[in-house]
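This is what each chain is made of:
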Amino acid sequence: LSARFAISFREQEIDASWTDPYFMDTNITVGADLFATTTDYTSESGYKQQSFGGTVRGGYDVIDYLHQTWRYTLRSDRVSDISAGAPLYIQEQQGSATTSLIGQDLTYDRRDNRLDPTTGYFWQWSSDYAGLGGTVKFIRNVVLGSYYYPIADQWTAAIRGEGGYIDALGEQVRITDKFFLGGDNFIGFRTSGVGPRDIDSKDAVGGLKYFVVTPELSYPIGLPKEFGIVGKAFTQIGTLVDKDTDLAGISSADSPLIRVSVGVGLGWKSPFGPIRVNVAYPVVRDPHDIKELFRFSFGTRF
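Analysis parameters
Residues numbered from 1 in each chain as written. Predicted model: local features only at pLDDT ≥ 70, side-chain atom pairs only at ≥ 80, totals over all residues. Heavy atoms only, no water. Salt bridge = Lys/Arg side-chain N within 4 Å of Asp/Glu carboxyl O. Helix = DSSP H or I, 4+ residues; strand = E, 2+ residues; numbered from the N terminus. Buried < 20%, exposed > 50% of the residue type's maximum accessible area, 1.4 Å probe, protein only. Contact = heavy atoms within 4.5 Å. Phe/Tyr/Trp six-rings, centres within 6.5 Å; stacked < 30°, edge-to-face > 60°. Lys NZ or Arg CZ within 6 Å of the ring centre and 35° of its normal.

1. Looking at the pattern of salt bridges
Scanning all chains against the criterion turns up 19 salt bridges. Of the charged contacts in the structure, one is a salt bridge between Glu 44 and Arg 10, with a shortest N-O distance of 3.1 Å. Here Glu 44, found in helix α1 (residues 42–45), pairs with Arg 10, found in the loop between β1 (2–7) and β2 (11–20); they are 34 residues apart in sequence, far enough to count as distant. On the basis of relative accessibility, which here comes to 6%, the residue Glu 44 falls in the buried class. Between Asp 109 and Arg 114 there is a salt bridge, and its shortest N-O distance comes to 3.7 Å. Residue classification places Asp 109 among the buried residues on the basis of a relative accessible area of 14%. Beyond isolated ion pairs, a larger network of salt bridges with shared partners links Arg 71, Asp 105, Asp 128 and Arg 140.

2. Some points on the environment of Tyr 149
Mapped onto the elements of the fold, Tyr 149 is located in strand β8 (residues 138–152). As a C-alpha pair, Tyr 149 and Thr 119 span 30 residues in sequence and 4.9 Å in three-dimensional space. Each residue touching Tyr 149, except ones within four places of it in the same chain, is listed here: Thr 118, Trp 155, Thr 156 and Ala 157.

3. Thoughts on unusual backbone geometry
Even without being glycine, Asp 81 reaches a positive phi, approximately 50 degrees. Following the sequence through the fold, Asp 81 ends up in the loop between β5 (66–80) and α2 (88–91). Here the phi dihedral of Lys 202 falls at roughly 70 degrees; this positive angle occurs in a residue that is not glycine. Along the chain, Lys 202 turns up in the loop between β10 (197–198) and β11 (209–219). By relative accessible area, Lys 202 is classed as partly exposed at 46%.

4. A few points about the packing of aromatic side chains
Any two aromatic rings considered together are summarised by their centre-to-centre distance and by the angle between their planes. Applying the stated rule across the entire model yields 7 aromatic pairs. Aromatic pair Phe 186 and Phe 189: ring centres 5.0 Å apart, planes at 75 degrees, arrangement edge-to-face. Members of the aromatic cluster, each reached through a chain of ring pairs, are Tyr 65, Tyr 108, Tyr 121 and Trp 123. The positively charged end of Arg 110 is found above the aromatic ring belonging to Tyr 65, 3.9 Å away from the centroid. Between Arg 111 and the ring centre of Phe 122, over which it is positioned, the NZ or CZ distance is 4.4 Å.

Have a look at this one:
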């Protein structure tokens, strides 16, 4: 049983979670989550979002290392405080929408460590169907994968990749359900700094299709191994597009150009979890993208 809350200028969040890893003395995991968040997207997309709801989930091992999870989520998303200069596409979404969603995650994990892997590989396929009631309908698929290879002591080569696609089933995808690229998932660009945006207001409007590939090298920097600090050198390649959506009232910058960034950083296995400090520069970008030189991040990504 766990509960947490976070308060910042940009986001306020509270979550409660319960998990039974051996339900009724079996190898089936069951759990439930409740959440409520308020996020300020004014600087990226010209609106604020309030979300609350819950999820029930169950999972089991199909075979060794292969795990299946099923989940049902009921949530309400409210778009409010829209900026006066926001595009019509965003202004039309003022108000609340209800999502009733069933989803699954199929995961195969052969890494030696989930937080700081040095060898092995991982992949995951997640799919969601929204439309079991509610006011929102879509099908969404996301695939993740990573491979790690030890070159020498404290030297690890890795490649990670992810991609996703969402289909609105004949309707328009709401901005609250779209993919956004930049920040932690594409270093060298600001949060939501890559992909479709309104040219006049500069507001990001999200996309329906994306991919990112990240080759990375971890290496020692001369400090004692016990400190848990290593150097990172990486490049990221990817894009985000929204070609299937008719964005009302938008003169949209929606380029299929493949973006590329390169960077270096430091990773620290802190007592509170992995911490990264990165400096990156986009060597290939669309003129409407928004770049970001420095990025601090907490936690790990698959």
